Amino acid sequence: MKENKIFKWMMIVLFVILAIILIIQLILKLSKHSPTDIQILYIGMASILSYLLMMSYKLGTFVGEVKEFMKTTKNSFSKLKEEKDE
């Protein structure tokens, strides 16, 4: 469980860093400084990919929690049915 939290925070930090770099490069580009269009596109694509990775990880975690909830609920109903039959 601790490894999952570390991985989650690493993805968030990666996304934030890439987003900050993208904003800085856009500001530099608008003020007629060094970054090329390709550099901005690469950072933009990397930040989008890191965001998608972060969201897919969160979705996978949510699906796992839903499956666990369904399993627990099913067991509860089967126990309730057994108690009712007795």
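In what follows, the accompanying structure is described. Here the structure is a predicted model, which is why all the values come from computation and not from measurement.

Concerning the overall build of the chain
Summing up its helical and strand segments, the chain has two helices and zero strands in all. Taken along its principal axes, the extent of the C-alpha atoms in the chain is 80 × 20 × 15 Å. Buried residues in the chain amount to 12% of all 86 residues. Within the chain, counting contacts between residues at least 6 apart in sequence, those at least 24 apart form 58% of the total. Summed over all atoms, the accessible surface of the chain reaches about 7,500 Å², with 71% contributed by carbon and sulfur.

Remarks on the packing of aromatic side chains
If you walk through the whole model with that rule in mind, you get one aromatic pair. Ring geometry for Phe15 against Tyr51: centres 5.4 Å apart, planes inclined by 45°, an arrangement best described as tilted. Of this pair, Phe15 sits in helix α1 (residues 2-30) while Tyr51 sits in helix α2 (residues 37-85), and the two are 36 residues apart along the sequence. Owing to a relative accessible area of 24%, Phe15 belongs among the partly exposed residues under this scheme.

Observations concerning the pattern of salt bridges
Applying the stated rule across the entire model yields one salt bridge. Between Lys29 and Asp37 there is a salt bridge, and its shortest N-O distance comes to 3.4 Å. With relative accessibility at 34%, the residue Lys29 sits in the partly exposed group.

With respect to a nonpolar patch on the surface
Taken together, Met45, Ile48, Leu49, Tyr51, Leu52 and Met55 make up a surface patch of nonpolar side chains, about 570 Å² in accessible area. Considering the arrangement of structural elements, one finds Met55 in helix α2. Given the relative accessible area of 32%, Met55 is considered partly exposed.

Here we look at the side chain of Gln25
Take Gln25: it is sitting in helix α1. When sequence neighbours within four positions are dropped, the list of residues in contact with Gln25 reads Pro35, Gln39, Ile40 and Ile43.

Conventions we followed
Residues numbered from 1 in each chain as written. Predicted model: local features only at pLDDT ≥ 70, side-chain atom pairs only at ≥ 80, totals over all residues. Heavy atoms only, no water. Helix = DSSP H or I, 4+ residues; strand = E, 2+ residues; numbered from the N terminus. Buried < 20%, exposed > 50% of the residue type's maximum accessible area, 1.4 Å probe, protein only. Contact = heavy atoms within 4.5 Å. Areas by Shrake-Rupley, 256 points an atom, 1.4 Å probe, with all protein chains shown as cover. Phe/Tyr/Trp six-rings, centres within 6.5 Å; stacked < 30°, edge-to-face > 60°. Salt bridge = Lys/Arg side-chain N within 4 Å of Asp/Glu carboxyl O. Patch = residues over 30% accessible without salt bridge, like charges linked within 9 Å, V, L, I, M, F, W, Y side chains within 5 Å.

Any functional reading would require information beyond the geometric quantities listed.
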